[in-house]
Amino acid sequence: MSKILVIADQKDNKIKKSTFEVLSEAKKLADASGSSLEAVILGEAIAQEAKVLAHYGVSKIYTVENSMFKNYLNRPFIDGLKKVIDASSPKLVMVPTSESVKDYLPGLVGATNACGIMDCSAVSLDGGKVQIERPLMAAKAVSKMESSDDLVILSIRSGSFDAVEADTSLSCDIESVDLGTVDIKAVFKELISAQSDRVSLDDANVVIACGRGVKDKSGFELVEKLADVFGAAVGSTRALVENGIAEPSLQVGQTGKVVSPDLYIAVGISGAVQHTAGMSNSKVIVAINKDEEAPIFSLSDYGLVGDLFDIVPKLTEAVKELKAN
Amino acid sequence: MKFFVCCKQVPDVAMAFQIKDGELQKDDLNYVLNAYDASAVEESLVIKDAVSELDLSLVLMGAEKGKEALRKGLAMGANDAFHIEDDAFEGSDSHAAANVLEAFFKDKEYDAILCGKQSQDMDMGLTGGLLAEKLNIPYVTNAVGLEVNEEAKSILVTRQGDAGQEKVELSFPCIVSCSNDMNEPRIPSLRGIMQSKKKPMNKVSVADLGLATDAVGKSGSKSTLLSMDFPKARKAGEKFEGEASELVSTLIDKLTNEAKVL
Ligand SMILES: Cc1cc2nc3c(=O)[nH]c(=O)nc-3n(C[C@H](O)[C@H](O)[C@H](O)COP(=O)(O)OP(=O)(O)OC[C@H]3O[C@@H](n4cnc5c(N)ncnc54)[C@H](O)[C@@H]3O)c2cc1C
Ligand SMILES: Nc1ncnc2c1ncn2[C@@H]1O[C@H](COP(=O)(O)O)[C@@H](O)[C@H]1O
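Presented here is an overview of the structure given in this document.

### Focus: the overall build of chain B
Inference 1: Across its full length, chain B holds six helices and 15 strands.
Inference 2: Across its three principal directions, the C-alpha atoms of chain B cover 65 × 45 × 40 Å.
Inference 3: A buried classification covers 55% of the 262 residues belonging to chain B.
Inference 4: Expressed as a percentage of contacts within chain B between residues at least 6 apart in sequence, the contacts between residues at least 24 apart total 70%.
Inference 5: A total accessible area of about 11,600 Å² is found for chain B, and carbon and sulfur atoms account for 48% of it.
Inference 6: With 30 positive and 43 negative side-chain charges, chain B shows a spacing of 3 Å between the two charge centroids.

### Side note on the overall build of chain A
Inference 1: Of regular secondary structure, chain A possesses eight helices and 18 strands.
Inference 2: Here the C-alpha atoms of chain A give a radius of gyration of 21 Å, agreeing with the 20 Å that 2.2 N^0.38 yields for 325 residues.
Inference 3: Sequence separation of 24 or more characterises 64% of the internal contacts of chain A that already satisfy a separation of 6 or more.
Inference 4: By element, 45% of the accessible surface of chain A is carried by carbon and sulfur atoms, the whole surface being about 12,700 Å².
Inference 5: Charged side chains of chain A number 34 positive and 45 negative; the gap between the two group centres comes to 2 Å.

### Here we look at the environment of Gln18(B)
Residue and element names in this part refer to chain B.
Inference 1: Mapping Gln-18 onto the fold places it in the loop between strand 2 (9-11) and strand 3 (19-20).
Inference 2: Considered as a pair, Gln-18 and Asp-28 are 10 residues apart in the sequence and their alpha carbons are 7.9 Å apart.
Inference 3: Excluding residues within four positions of it along the chain, Gln-18 makes contact with Glu-23, Leu-24, Gln-25, Asp-28 and Phe-230.

### Some thoughts on the pairing of strand 7 (residues 115-120) of chain A
Residue and element names in this part refer to chain A.
Inference 1: Most of strand 7 is tucked away, with six of its six residues classed as buried.
Inference 2: In this structure, strand 7 lies alongside strand 11 (residues 152-156), joined through four bridges in parallel fashion. What sits directly across from Cys-115, in strand 11, is Val-152.

### Concerning the interface of chain A and chain B
Inference 1: Counting residues at the interface gives 82 residues for chain A and 78 residues for chain B.
Inference 2: Of the roughly 6,900 Å² buried at the junction of chain A and chain B (both faces included), carbon and sulfur atoms supply 56%.
Inference 3: On the chain A side of the contact with chain B, Met137(A), Lys185(A) and Tyr302(A) bury the most area, a combined 11% of that side's loss.
Inference 4: Scanning the region where chain A abuts chain B turns up six salt bridges.
Inference 5: Between Glu169(B) and Lys189(A) there is a salt bridge, with its nearest N and O atoms 3.9 Å apart.
Inference 6: Inspection of the chain A/chain B interface yields 49 residue pairs in polar contact (both at pLDDT 80 or more).

### Describing the site of ligand 1
Inference 1: Taken together, 29 residues lie around ligand 1, and Arg212(A), Thr237(A), Val252(A), Ser270(A) and Asn289(A) are the ones closest in.
Inference 2: Residues within reach of ligand 1 are spread across chains A and B.
Inference 3: Here an oxygen atom of ligand 1 sits 3.1 Å away from a polar atom, N or O, in the main chain of Gln254(A).
Inference 4: A distance of 3.0 Å separates an oxygen atom of ligand 1 from a polar side-chain atom of His275(A).
Inference 5: For ligand 1, whose accessible area on its own is 990 Å², the fraction buried by protein is 82%.

Rules of the game
Residues numbered from 1 in each chain as written. Chains lettered and ligands numbered in written order. Predicted model: local features only at pLDDT ≥ 70, side-chain atom pairs only at ≥ 80, totals over all residues. Heavy atoms only, no water. Helix = DSSP H or I, 4+ residues; strand = E, 2+ residues; numbered from the N terminus. Buried < 20%, exposed > 50% of the residue type's maximum accessible area, 1.4 Å probe, protein only. Contact = heavy atoms within 4.5 Å. Areas by Shrake-Rupley, 256 points an atom, 1.4 Å probe, with all protein chains shown as cover. Lys, Arg positive; Asp, Glu negative; His and termini not counted. Charge placed at Lys NZ, Arg CZ, Asp CG, Glu CD. Rg over C-alpha atoms; globule rule 2.2 N^0.38 Å. Pairing = 2+ DSSP bridges. Buried area = accessible area lost by both parts, 1.4 Å probe. Salt bridge = Lys/Arg side-chain N within 4 Å of Asp/Glu carboxyl O. Polar contact = N/O pair within 3.5 Å; in protein donor to acceptor, adjacent residues only side chain to side chain. Near = heavy atom within 4 Å.

Structure follows, in structure tokens:
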């Protein structure tokens, strides 16, 4: 009998889709190995939202509420999660990957003397061992890894698992954990965020991404219009972020975000490995590129060879018409 | 001020490579200085140009040929390098690397240690934060900008976070893991390359650090790499050429009736 603990990730006190993917897989693993499943959520005001975790078959929920979670710093997360891990004493901890998670997890792994493995795409339990799969070499290869440590902490790549349907009849105990005093040697100064009403890359079912081919801000806006008729998120390559045309938070790839939407449309993107590392797991990939030799065509399901300035406005019109009917 | 940059030598992931019997074929690989570490070196040099008394040292744990990565950093402009070299390092994971780096830094004086946000081959991104926790100093990852305040003995880090760019101030000593979105690393000049050959390359052994050989390499690791493979290739899709309006109606048809995502 061992225990699996899932760390829920939330944004503005709403649990993210990626958390449900991880919970669903963790529940399967728990059932198959006769383990129990618990979850923890940290935030400013998350007591209400925490209940949703029970709908995925969790037997106990820990909440850590504190105003310190308002502006992200790693220390409160490390200390809060260490407390919960000490109380719950799981064998395996799973958490969906995000920029915050990538930041606090190394410290948490150090503080709990655990084995940490980042960005896993598959997990299995074999007796006392945890086995995982994860991409490496800019996602041009996958590796199998294993750990027999007493405590293994894994971050999970988004889109690796399907979220099951929530069972709203389920409920469980909720224990509130006091964060206590945190010795913070860092000061949060400022958040520079480009607020946008558009759906975020993390939660999007459709991503319209653009690269250097869009040339300038007006080309970028053409793609934004296409994204709006799809209700899609906008993504970008590093080339446009470097030029200041796209917001840094839109970067998809090895340095940027990993996304796996149902539909990914790559507009004016060559398909460098550092970019495809972040999107090759998308369900359907469309590429629009005027160079028929562009590497992006080797992984696209549908490739349109042509000028994006001709194609994108027409596609926008066509989708708009389709959605209107 | 005193900065260290932790440098790793990694295979060039842009190149084609072979996997045989679950193992990466190492002989054909071309090794480079990890791009994220090169950005950490670059950012230090920018600070060095502004604050002339910044002393910049590099440290690398790894095989003999790792010295080429250190030479690159020296040619870019770092003052000296420490090469912690031992055959026992083969098979190290981030935990083992952090063990060795902790032993190295234990008795060193420094204001900041810069790491890369991840190694290009493993994309793990654990070493910097682990090391900070072991040294009991604060850290920030995914830095895209740095400003040092020498008088306040602090560093203002801009990091790419979930909600946008977060500005966080850390007091010295601290660890910052750097993104390559921070800068474009300089290409060493011919003069830099010549000078690098005269710069100190200090060899350090596991014994020098007072580490037992079982604290490093495979036995110092908490995870084991069992095997590698190529991912299931995506099926080669269809490619369409022609008039823009034709291409659009073909795509709409495919997305609606075949892929069923519309
Ligand atoms: C360590 C490291 C990490 C990196 N991380 C990332 C990352 O996270 N994300 C990322 O994206 N990149 C990353 N990169 C950069 C990556 O290597 C590529 O340089 C980048 O992805 C190229 O962007 P692009 O496809 O927009 O530009 P390009 O490679 O210049 O491609 C532009 C494409 O647009 C097409 N085009 C031009 N005009 C038109 C037109 N009118 N109509 C249609 N098509 C047109 C061209 O045919 C071409 O294929 C990283 C690099 C390194 C070294
Ligand atoms: N063997 C090593 N020697 C020196 N620094 C290292 C070593 N391994 C990792 N690092 C540092 O830690 C960062 C992250 O590595 P990783 O945790 O392997 O992704 C790298 O970018 C380096 O700055």
